[in-house]
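Residues per chain are reported as follows:
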Amino acid sequence: MAKKPAKKKPNPLKSAEDLDLMEASAELAHLAREIAKHDRAYHEKDAPTVSDAQYDALRRRNNAIEAKFPELIGADSPSRQVGAAAATGFAKVRHGKPMLSLDNAFDDQDVADFLARVRKVLDLAEATPIELVAEAKIDGLSANLRYEDGELVVVATRGDGSEGEDITANMRTLDDVPKKLKGKAPKLIEIRGEVYMERKAFLALNKRQEAAGEKMFANPRNSAAGSLRQLDVTITASRPLQFFAYAWGESEGWEPDTHWHFLQQLKAWGFKVNPLARKCRNLAEALEFYHVVGAKRADLPYDIDGVVYKIDRVDWQKDLGFVSRAPRWATAHKFPAEQAQTELEDIIIQVGRTGTLTPVAVLKPVTVGGVVVTRATLHNADEIERLGVRIGDTVNIQRAGDVIPQVLGFVPELRPKNARLFHFPKHCPCPLQTDVVREEGAVAFRCSGGLACPYQQVQRLHHFVSRLAFDIEGLGGTHIENFHADGLLDTPGDIFRLEKKRKELIARESWGEQSVDKLIAAIDARRKIALERFIYGLGIKMIGEATAKNLAREYGSADAWLDDMLQATKERAKQPSDVKKKERAAEEVGSAYGRLANVTDIGITTADAVVNFFAEKHNVAVVRDVLKQIEVQDAQRRTTNSGGKLDGKTVVFTGTLETLSRDEAKAQAESLGAKVAGSVSKKTDYVIVGADAGSKAKKAEELGVAMLSEAEWLKLAKE
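Treat the numbers as computed from the prediction; the structure is a model and nothing was measured. (Residues numbered from 1 in each chain as written. Predicted model: local features only at pLDDT ≥ 70, side-chain atom pairs only at ≥ 80, totals over all residues. Heavy atoms only, no water.)

1. Let's talk about the nonpolar core
If you look at soluble globular proteins, the nonpolar side chains tend to sit buried side by side.
Consideration 1: Among the nonpolar cores identified, the biggest contains 57 residues, and Ile495, Phe534, Trp561, Leu596 and Phe614 are the most heavily contacted of them.
Consideration 2: Ranked by residues supplied to this core, first place goes to helix 19 (residues 558-573) with six residues.
Consideration 3: Among the nonpolar cores identified, the runner-up in size contains 37 residues, and Leu152, Leu181, Ala225 and Trp254 belong to it. (Core = buried A, V, L, I, M, F, W, Y, C linked by side-chain atoms within 4.5 Å. Buried < 20%, exposed > 50% of the residue type's maximum accessible area, 1.4 Å probe, protein only. Helix = DSSP H or I, 4+ residues; strand = E, 2+ residues; numbered from the N terminus.)

2. Description of the confidence of the model for the chain
Consideration 1: With 87% of its residues at a pLDDT of at least 70, the chain reaches an overall mean of 84.
Consideration 2: Confidence drops under pLDDT 50 across residues 1-9; counting only partners more than four residues distant or on other chains, this segment forms 19 contacts. (pLDDT = per-residue confidence, 0-100. Contact = heavy atoms within 4.5 Å.)

3. What to know about the packing of helix 3 (residues 108-122) against helix 9 (residues 283-296)
Consideration 1: Running from N to C, helix 3 and helix 9 point in directions that differ by 145 degrees, and their axes come no closer than 11 Å. As for the relative orientation of helix 3 and helix 9, their crossing is right-handed in sense. Of the residues in helix 9, those in contact with Asp108, Val111, Ala112 and Leu115 of helix 3 are Leu283, Leu287 and His291. (Axes fitted to C-alpha atoms, helices over the stretch in contact; angles between N-to-C directions. Left-handed = near helix turned anticlockwise from the far one by under 90°.)

4. Some words on unusual backbone geometry
Consideration 1: The phi angle at Asp149 is positive, at roughly 55 degrees, despite the residue not being glycine.
Consideration 2: Located in the positive-phi region is Asp471, a residue other than glycine, with phi close to 50 degrees.
Consideration 3: Residue placement: Asp471 occurs in the loop between helix 12 (454-464) and helix 13 (478-485).
Consideration 4: Classification of Asp471 by relative accessible area gives partly exposed; the value is 30%.

5. Regarding the packing of aromatic side chains
Consideration 1: Within the structure shown, the criterion is met by 20 aromatic pairs.
Consideration 2: Judged by centre distance (6.1 Å) and plane angle (85 degrees), the ring pair of Phe422 and Phe424 falls under edge-to-face.
Consideration 3: Judged by its relative accessible area of 17%, Phe424 falls in the buried class.
Consideration 4: Between Phe483 and Trp511, the ring centres sit 5.7 Å apart and the planes meet at 40 degrees, which makes this aromatic pair tilted. With Phe483 in helix 13 and Trp511 in the loop between helix 15 (502-506) and helix 16 (513-524), this pair connects stretches of sequence that are 28 residues apart.
Consideration 5: Since its relative accessible area comes to 1%, Phe483 is described here as buried. (Phe/Tyr/Trp six-rings, centres within 6.5 Å; stacked < 30°, edge-to-face > 60°.)

Okay, here's the thing in structure tokens:
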């Protein structure tokens, strides 16, 4: 058996051609994790975490490396996966035929290469024409509609390509979806298409959401997906969703000879078909259609992100077949991100929940990709300096991934004589005018006012009720801001005291008994909360969802966690700020601070962020106040095996392990009774050294600590 290559850290700076086998293996593993994470966010949660361009770049990198190292392509490769697993809350439906994705083309040459591959696989002479059907690519949510004897029987989302969510009841609310096919219908056919929302409807929906204090959507695609995946079908029915049909899956008793014929049949059956479709005789006509559609893209009533080319002849489609996750007979020609020029009228400062001051560009309104853009983030002071922009400049604007507006730079020849430099403020724009500080080595400037800063109070309240925290339905956006401005809410604990102000709430404009009772019921439903949600909801700097879960598993209960955090804060207050002293404090695995610093994915920097939070008496008071109002459910703790063969021993893992993930290795050590530390000290018993080990291995050697290879560790664990 060939020896499995040792893992190396990914090196995306190298071209795929320059990677060696170990580098390629490591980077493919990293890309698989990243792409899977983004797929889950996009397909399951309707909340993309990166732009389309960034996601496509990850896919292209993965494909380039796999092309150079085909022996590394595994069953779980992103090139063999489609979408993400069906989410919970809906019954599962298996598709008659898999719903595959499409390969992407990013320029005209990519399209030419696609046709060249088709010609080669079909063994066609150069003179043989290849007719295509070009269709605008709708940016929505894919759905599979199954008809039996002309009757709609079940509808499912794409899911992972093989199995999706049953959204039949929701789809029946759409006027564009025939409940019975017109004319003669096949015995069985799956019709596939895209559920979408027009931009005008999307903007109107967001206005209603904001006014009601509900979640707002990032873009029309997210709003369509979120509206369709409602457990309450009446919500879906109230949303202006539409459907374009464009493909078929399993069929019995009917099959078209060409894709163009199929599109005409869809209309005859009663479906809406995107009018932006053309039969093209050759590459030149297909590219002409792409550029014509791209030019009118901003004026369309709905979002599109490219043009799909399909081989028209169905018999050729069958001969071409599929490769991994995509058909060989189709490709999606993606549009580049849209750009525009406008005037930078001002730069203002926004204050986030952790006190971060973010500069925001105030722009003369300009339409980019069909959306009117008036503001764009400038991220931080360093970014303003890098861009060199001044107030009054003409700037280039791009909607990254067609969603997030960003400033690309200014136009030097259009800079006016009165253009003004922006000077980052020394005081927070909040009423307290507290000092602005920049921690050593940090990019961001922060308000030093903490929870006393009104801007931070509002943002922290937003975070506290967010989906991954307390997830209180009906309390968000405008409601929190208005309640805070009117003195009804200052701290998270005030949320649970709103029931005492029921009469005052009922008397407010746009409120009434029913809406107030509904809000109070939603709040009461969150009086029992999981420990990780409670920790995450406090909005502690550097504590995200995953870290909150790790803390919950480490400490088990809210009381144990709070007691240890207060003790760790006392211990750190007695330690000098010197980095070496910090490291030594973290090595004291028997101390509260040492324990905190050695929780999975914590370390010194995050541990300091936690103790800095608890060093503020106001924050401690807020935590205790909330705990009086709610019941925090205990988490299942990570426990060591007292009496195990390594009971009382301290181990450290360093470098990249070949057969175990870091969490698996830690769990294995703890099951044997060992304590896993994050740094090496004289008290360390074993250091397990993986590939690319660094300073920890060197320090172990200097201190004379026993070092084991991964194989030696596994042998020790099994003895």
